[in-house]
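# Structural description and commentary
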Amino acid sequence: MKKIAVLAGDGIGPEIMAQALKILTALKLPLEFEEALVGGVAYAAFGHPLPAEVVELAKKSDAVLFGAVGDFKYDNLPRHLRPEQAILGLRKALGLFVNLRPAICYPELTAASSLKPELVSGLDLLLVRELTGDVYFGQPRGKRISPDGVFAGTEEGFDTMRYAVPEVERIAHVAFKAAMGRSKHLVSVDKANVLETSQVWRDTMIKVSKEYPEVTLEHMYVDNAAMQLVKAPKKIDVMVTGNLFGDILSDEAAMLTGSIGMLPSASLGTGNPGLFEPIHGSAPDIAGQGKANPLATILSAAMMLRLAFDMDAEAAAIEGAVHKVLSDGFRTGDIMEAGKTQLSTTAMGDKVVETM
Ligand code: IPM
Ligand code: MG
């Protein structure tokens, strides 16, 4: 029996999670689920977005299935109490330094992409994002009276961008191995023309590349990478980057596929359970209306079966069913186009189960 911590979170989290659980249950696998509150709902109930018990639950589980966190109504809380701390805290507590974000454009959805169909049709790229370092977690950070410079004496906010060499090495190995299993072409994204952190990143990528002579390593500055993603995304196969750039570029990559509601992700470390979540947010504006696309969460559950439990056949069954549902013409609102049938969140979950 595998134990899964189910953390649905805020906004559309509970609706999309319910669909993923429906699909996992229909597969009749030896899985047990334990649900807990995280994010704004946990703050409302317990005064903290990531109660210690939830971290314990996650640690003793075999995998974590995560929905989404965040709600405008908590935006004025002190940062450590904001809903986003639930996911940031879990990534840190579980040491999940690898974030795999595959962006696949199903041929059926090319019309939903903001780019011309020929640019995105057949797109299949993998973004490898470092997830526990960078300016997201670097210390020191805070607010203070500016000690120097033109604005000395005024209030300022500051964060620290930093990467240690071994921290870059471990994500580099993950990315090179991923590239070995694919086209043997790796794009590393940085801003080495400006940032010291990025120079260390780039030098380390080059050093690690010596261990993977078959892989061609290409470097791109992040501004250029953002441009290449919309100019010629199919030229990119595996892309590796730091936490901040990866956050931004993965939203961009998601839109190439038609909707951010389509992209799953896996967050992995060493020794602790992995965490699987859609890359999109909690969308509080559409919560509870049955409008949310559950496919990213359903596909995240498939990634969990494959990467955490080696259940390849079952993962493929879910992915195949999602593909079939799309080719049969069923859509949620975010990917709707003329001539297709629009389904609610729940109806889309049911349709995937029925097709499977
Ligand atoms: C993501 C999200 C998170 C991040 C937020 C919710 C903290 O945008 O997973 O991409 O910035 O990493
Ligand atoms: Mg993001």
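Each value, and the rule that gives it
- Residues numbered from 1 in each chain as written.
- Chains lettered and ligands numbered in written order.
- Predicted model: local features only at pLDDT ≥ 70, side-chain atom pairs only at ≥ 80, totals over all residues.
- Heavy atoms only, no water.
- Helix = DSSP H or I, 4+ residues; strand = E, 2+ residues; numbered from the N terminus.
- Rg over C-alpha atoms; globule rule 2.2 N^0.38 Å.
- Buried < 20%, exposed > 50% of the residue type's maximum accessible area, 1.4 Å probe, protein only.
- Contact = heavy atoms within 4.5 Å.
- Areas by Shrake-Rupley, 256 points an atom, 1.4 Å probe, with all protein chains shown as cover.
- Pairing = 2+ DSSP bridges.
- Axes fitted to C-alpha atoms, helices over the stretch in contact; angles between N-to-C directions.
- Core = buried A, V, L, I, M, F, W, Y, C linked by side-chain atoms within 4.5 Å.
- Salt bridge = Lys/Arg side-chain N within 4 Å of Asp/Glu carboxyl O.
- Expected span 1.5 Å × (residues − 1).
- Near = heavy atom within 4 Å.
- Polar contact = N/O pair within 3.5 Å; in protein donor to acceptor, adjacent residues only side chain to side chain.

### A look at the overall build of the protein chain
Summing up its helical and strand segments, the protein chain has twelve helices and 14 strands in all. Its C-alpha atoms give the protein chain a radius of gyration of 20 Å, near enough to 21 Å, the size a compact globule of 356 residues would have. With respect to the principal axes defined by its C-alpha atoms, the protein chain has extents near 60 × 50 × 40 Å. Every one of the 356 residues in the protein chain was classed for burial, and the buried ones make up 52%. Restricting to contacts in the protein chain with at least 6 residues of sequence separation, those with at least 24 account for 75%. Per element, the accessible surface of the protein chain, about 15,100 Å² overall, is 55% carbon and sulfur.

### Description of the sheet that holds strand S12 (residues 274-278)
Taken together, the ten strands give an open sheet; going across it, the order is S2-S1-S3-S12-S11-S4-S5-S10-S8-S9, and neighbouring strands pair in mixed fashion. The outermost strands of the open sheet, each flanked by one partner alone, are strand S2 (31-35) and strand S9 (216-221). The sheet shows a mean angle of 25° between the axes of neighbouring strands, direction not considered. Alignment of strand S8 (residues 185-190) against S9, held across six bridges, turns out to be parallel. Each residue of the ladder has a partner; that of Val 187, found in S9, is Glu 218.

### Observations regarding the nonpolar core
Judged by nonpolar contacts, the single largest core of 60 residues is most densely connected at Leu 65, Phe 176, Leu 186, Met 205, Met 304, Leu 305 and Val 322. Here the element with the most residues in this core is helix H10 (residues 295-309); it accounts for nine residues. Not counting residues up to four positions away in its chain, the partners in contact with Leu 186 are Ala 175, Phe 176, Ala 179, Val 215, Thr 216, Leu 217, Glu 218, Val 238, Met 239 and Val 240. Grouped together as the second largest cluster of nonpolar side chains are 22 residues, Cys 105, Val 189, Val 222 and Leu 256 included.

### Examining the pattern of salt bridges
Taken as a whole and assessed by the stated rule, the structure comprises 18 salt bridges. Linking Asp 71 and Lys 73 is a salt bridge whose minimum nitrogen-to-oxygen distance equals 3.8 Å. The shortest N-O distance in the salt bridge between Asp 247 and Arg 129 comes to 3.9 Å. Taken as a pair, Asp 247 in helix H9 (residues 243-256) and Arg 129 in strand S5 (residues 124-130) lie far apart in primary sequence, 118 residues in all. By relative accessible area, Arg 129 is classed as buried at 1%.

### Some thoughts on helix H1 (residues 13-26)
Between its first and last C-alpha atoms H1 spans 20 Å; for 14 residues at 1.5 Å apiece the expected length is 20 Å, and the two agree. Just downstream of H1 lies Lys 28, where phi reads positive at about 50°.

### Some remarks on the pairing of strand S3 (residues 63-68)
Along S3, six of the six residues are buried, which leaves the element largely enclosed by surrounding structure. Of the pairings in the sheet, the one linking strand S1 (residues 2-9) to S3 comprises five bridges and is parallel in character. Across the sheet, residue Gly 9 finds its bridge partner in S3, namely Ala 68. As paired strands, S3 and S12 are joined by three bridges and run parallel to one another. Bridge pairing in S12 links Val 64 to Leu 275.

### A word on the site of ligand 1
Close contacts around ligand 1 come from Glu 84, Arg 91, Arg 101, Arg 129, Tyr 136 and Asp 247, and that covers them all. In this structure, an oxygen atom belonging to ligand 1 sits 2.9 Å away from a side-chain N or O atom of Arg 129. Protein burial of ligand 1: of its 320 Å² of free accessible surface, 78% is covered by the chains.

### A closer look at the environment of Ala 93
Mapped onto the elements, Ala 93 comes out in helix H4 (residues 85-93). Taking the relative accessible area as the measure of exposure, Ala 93 reaches 31% and is therefore partly exposed. C-alpha of Ala 93 to C-alpha of Glu 56: the two residues are 37 residues apart in sequence and 9.7 Å apart in space. Beyond its immediate chain neighbours, meaning those up to four positions away, Ala 93 contacts Val 55, Lys 59 and Asn 272.

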